[in-house]
Amino acid sequence: MLLPGVYAPQDDTELLAEVLREESPPRGARVLDVGTGSGALALEAARRGAEVTAVDVSRRAVWTVRLNAWLTRLPVRIRRGNLFAPVRDRTYDLILTNPPYVPAPVNGRAPRGRSRAWDAGGDGRMVLDRICRDAPGLLRPGGLLLIVHSALSGPDRTLELLRAAGLKAAVVRRRWIAFGPVLRSREDWLRRRGLLASADDREELVVIRAERPC
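Criteria and cut-off values
Residues numbered from 1 in each chain as written. Predicted model: local features only at pLDDT ≥ 70, side-chain atom pairs only at ≥ 80, totals over all residues. Heavy atoms only, no water. Phe/Tyr/Trp six-rings, centres within 6.5 Å; stacked < 30°, edge-to-face > 60°. Lys NZ or Arg CZ within 6 Å of the ring centre and 35° of its normal. Buried < 20%, exposed > 50% of the residue type's maximum accessible area, 1.4 Å probe, protein only. Helix = DSSP H or I, 4+ residues; strand = E, 2+ residues; numbered from the N terminus. Contact = heavy atoms within 4.5 Å. Polar contact = N/O pair within 3.5 Å; in protein donor to acceptor, adjacent residues only side chain to side chain. Lys, Arg positive; Asp, Glu negative; His and termini not counted. Salt bridge = Lys/Arg side-chain N within 4 Å of Asp/Glu carboxyl O. Core = buried A, V, L, I, M, F, W, Y, C linked by side-chain atoms within 4.5 Å. Pairing = 2+ DSSP bridges. Right-handed = clockwise from strand over helix to strand, strands pointing away.

**Student:** Report on the packing of aromatic side chains, specifying residues and quantitative values.
**Tutor:** Tallied over the full model, the rule gives zero aromatic pairs. One Lys or Arg, Arg66, reaches over the ring of Trp63 and ends 5.0 Å from the middle of that ring.

Okay, here's the thing in structure tokens:
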């Protein structure tokens, strides 16, 4: 179920879910899904017996996850808040995140409404940089962070920040997909910025895996 205005699971969600299934966290693992949207990733982890917390800043997203958890009878702890603010007193074996990462023209206002699910400032890193800064401190020894985002948003920068925080980080999955409605709507702007070449007609998604040493 999806309430109006909540980000619908798409290629990026499925790509991250594939890596989650490969990692196969053990039963009882403490998992955090940040920017949960519909709760698809949180529910995927809960199906495997993980102890799952889902966080989103959107009230509609929070209600969507509550409804979906109730419909599937899966236990998910749900909190409303900005990124890690509601869970700073806890640590996790696995953190999942499909954050806003689409570069967007900067107009001096923060994204509002549905666009909060994808707009991420001029370089696409408005939320990614905060995750790279704050997530490592919430990982238990041996814990994993899995992030999906577009190659337009600087995967090398993500790797650099996570490694600087002491994590072992690498790109573990890539996939090319057709432009969705958001990218098509700002295709000319992205080309003027040099983020898209004139011949580009697809977007590359990446999943980054970062591990805190034991």
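**Student:** Residue-level account of helix α2 (residues 40–47), with values.
**Tutor:** An α-helical segment advances 3.6 residues per turn. Residues three or four places apart therefore align on the same side. The buried count for α2 comes to six of eight residues, which makes it a mostly enclosed element. All of the buried residues along α2 are Leu41, Ala42, Leu43, Glu44, Ala45 and Ala46. In the core, the buried residues of α2 are packed alongside α1 (11–23), β1 (30–34), β2 (51–56), α3 (59–72), β3 (76–80) and β4 (92–97). Following α2 by one or two positions, Gly49 adopts a phi angle in the positive range, close to 85 degrees.

**Student:** Mind laying out unusual backbone geometry, listing which residues take part and the relevant values?
**Tutor:** The bulk of non-glycine residues show a negative phi, and the bulk of peptide bonds are trans. In the Ramachandran plot, Ser24 falls in the positive-phi region, its phi being about 45 degrees despite a non-glycine side chain. Within the element layout of this structure, Ser24 appears in the loop between α1 and β1. When its relative accessible area of 44% is taken as the criterion, Ser24 is described as partly exposed. With a phi angle near 60 degrees, Arg73 is a residue other than glycine that sits in the positive phi range. Relative to the helices and strands, Arg73 is located in the loop between α3 and β3.

**Student:** So what's going on with the side chain of Thr13? Which residues, and what values?
**Tutor:** With respect to the helices and strands, the residue Thr13 is situated in helix α1. Residue classification places Thr13 among the buried positions, given a relative accessible area of 10%. Polar contacts involving the side chain of Thr13 include one to the side chain of Asn98, which spans 3.4 Å. For Thr13, the contacting residues outside a window of four places in its chain are Tyr7, Ala40, Leu41 and Asn98.

**Student:** Before we move on, could you go through the side chain of Asp12 and cite the residues and values that matter?
**Tutor:** For Asp12, the location among the structural elements is in helix α1. It is Arg175 that comes nearest to the buried, bridge-free Asp12 among opposite-charge side chains, at 9.8 Å. A distance of 2.9 Å separates a polar atom in the side chain of Asp12 from a polar atom in the side chain of Tyr7. Non-local contacts of Asp12, meaning those with residues more than four positions away in its chain, are made with Tyr7, Asn98, Tyr101, Val148 and Leu205.

**Student:** So, the pattern of salt bridges: which residues are in play, and what are the values?
**Tutor:** Applying the stated criterion to the full structure yields 19 salt bridges. One salt bridge in this structure joins Arg30 and Glu51, with 3.7 Å as the shortest N-O distance. Of this pair, Arg30 sits in strand β1 while Glu51 sits in strand β2, and the two are 21 residues apart along the sequence. In this structure Arg30 comes out as buried when scored by relative accessible area, which is 18%. Relative accessible area serves as the criterion here: at 39%, Glu51 is assigned to the partly exposed category. Among the charged side chains, a salt-bridge network with shared partners connects Glu14, Arg21, Glu44, Arg47 and Arg48.

**Student:** Explain the nonpolar core to me, using residue names and the numbers behind them.
**Tutor:** Among the nonpolar cores identified, the biggest contains 61 residues, and Leu32, Val52, Val76, Phe84, Ile95, Leu145 and Leu162 are the most heavily contacted of them. If we skip the residues at most four places from it in the chain, Leu145 touches Ile95, Thr97, Ala135, Leu139, Leu162, Ile208, Arg209 and Ala210.

**Student:** If you had to explain the pairing of β2 to someone new, which residues and values would you point to?
**Tutor:** Most of β2 sits inside the fold, with five of its six residues counted as buried. In this sheet, β2 lies alongside β1 in parallel orientation, the contact comprising five bridges. Across the sheet, Val34 pairs through a bridge with Val55, a residue of β2. A crossover connection joins β1 to the parallel β2 through α2; in handedness this β-α-β unit is right-handed. A crossover connection joins β2 to the parallel β3 through α3; in handedness this β-α-β unit is right-handed.

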